[in-house]
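Working through the structure, step by step
Spelled out from the first residue to the last, the chains are:
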Amino acid sequence: MLRKDRHLYFWSMLVCGIALIAILPDASWIYSSIAAYDSSRWAHFLEYAIVTAIPVGAWGRRSRVMISFIPIFLCIALEALHIHFSAPGLRSSNISADLFGVAAGILLGMNIRVIRSSEAGRSSDNSDSSRPTAGN
């Protein structure tokens, strides 16, 4: 059971971390210790790409994938509200990196899903190749 849900647990931890970073005040000691990573556009891009690629690539049903986008967009909205109310010019450049990360994560997850389905098709074709055909 733990192995089956490991993607869900890892995804949940990442989303909680992103939400925590999005709502932390700039004057807190926690934010001051991670400020170097939070100011990097590449870190934001990779965070959101990973958080988006996990549900798109690993979870099968569309409803679960669509529901998983709710906390992602809530984190982006929280970050935008935090920027608007605390310091308008401080972290606004990260939102574009967040959105590009979401788009890249969707594309990466779709590629992972296609690769997994093609490997499943090949393994079923290989198991049928051991049987003789009707023409032989």
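Anything mentioned here points back to the structure above.
Quick look at the structure, then.

Criteria and cut-off values
- Residues numbered from 1 in each chain as written.
- Predicted model: local features only at pLDDT ≥ 70, side-chain atom pairs only at ≥ 80, totals over all residues.
- Heavy atoms only, no water.
- Helix = DSSP H or I, 4+ residues; strand = E, 2+ residues; numbered from the N terminus.
- Buried < 20%, exposed > 50% of the residue type's maximum accessible area, 1.4 Å probe, protein only.
- Contact = heavy atoms within 4.5 Å.
- Areas by Shrake-Rupley, 256 points an atom, 1.4 Å probe, with all protein chains shown as cover.
- Expected span 1.5 Å × (residues − 1).
- Arc of directions from axis to C-beta.
- Core = buried A, V, L, I, M, F, W, Y, C linked by side-chain atoms within 4.5 Å.

**A look at the overall build of the protein**
- Assigned secondary structure in the protein consists of five helices and zero strands.
- Element order for the protein, N to C, with α for helix and β for strand: α-α-α-α-α.
- In the protein, buried positions account for 28% of the 136 residues.
- Of all intrachain contacts in the protein linking residues separated by at least 6 positions in sequence, the fraction that spans at least 24 positions is 75%.
- With an accessible surface of roughly 9,100 Å², the protein has 69% of that area assigned to carbon and sulfur atoms.

**Quick look at helix H1 (residues 6-23)**
- If you check H1, its first and last C-alpha atoms are 26 Å apart, about what 18 residues at 1.5 Å a residue would give, namely 26 Å.
- Within H1 the residues assigned to the buried category are Trp11, Val15, Ile18 and Ala22. Looking down the long axis of H1, one finds its buried residues gathered within 65 degrees of arc, a one-sided arrangement. Exposed residues pointing more than 90 degrees away from the buried face of H1 are listed as Met13 and Cys16.

**Comments concerning the nonpolar core**
- Counting residues in each nonpolar core, the largest one holds 15 residues, and the members touching the most others are Trp11, Tyr48, Val51 and Ile72.
- Secondary structure elements with two or more residues in this core: H1, helix H3 (41-58), helix H4 (62-86) and helix H5 (93-128).
- The biggest single contributor to this core is H4, with five residues.
- Once residues lying within four places of it in the same chain are set aside, the contact partners of Ile72 are Trp11, Tyr48, Val51, Thr52 and Val102.

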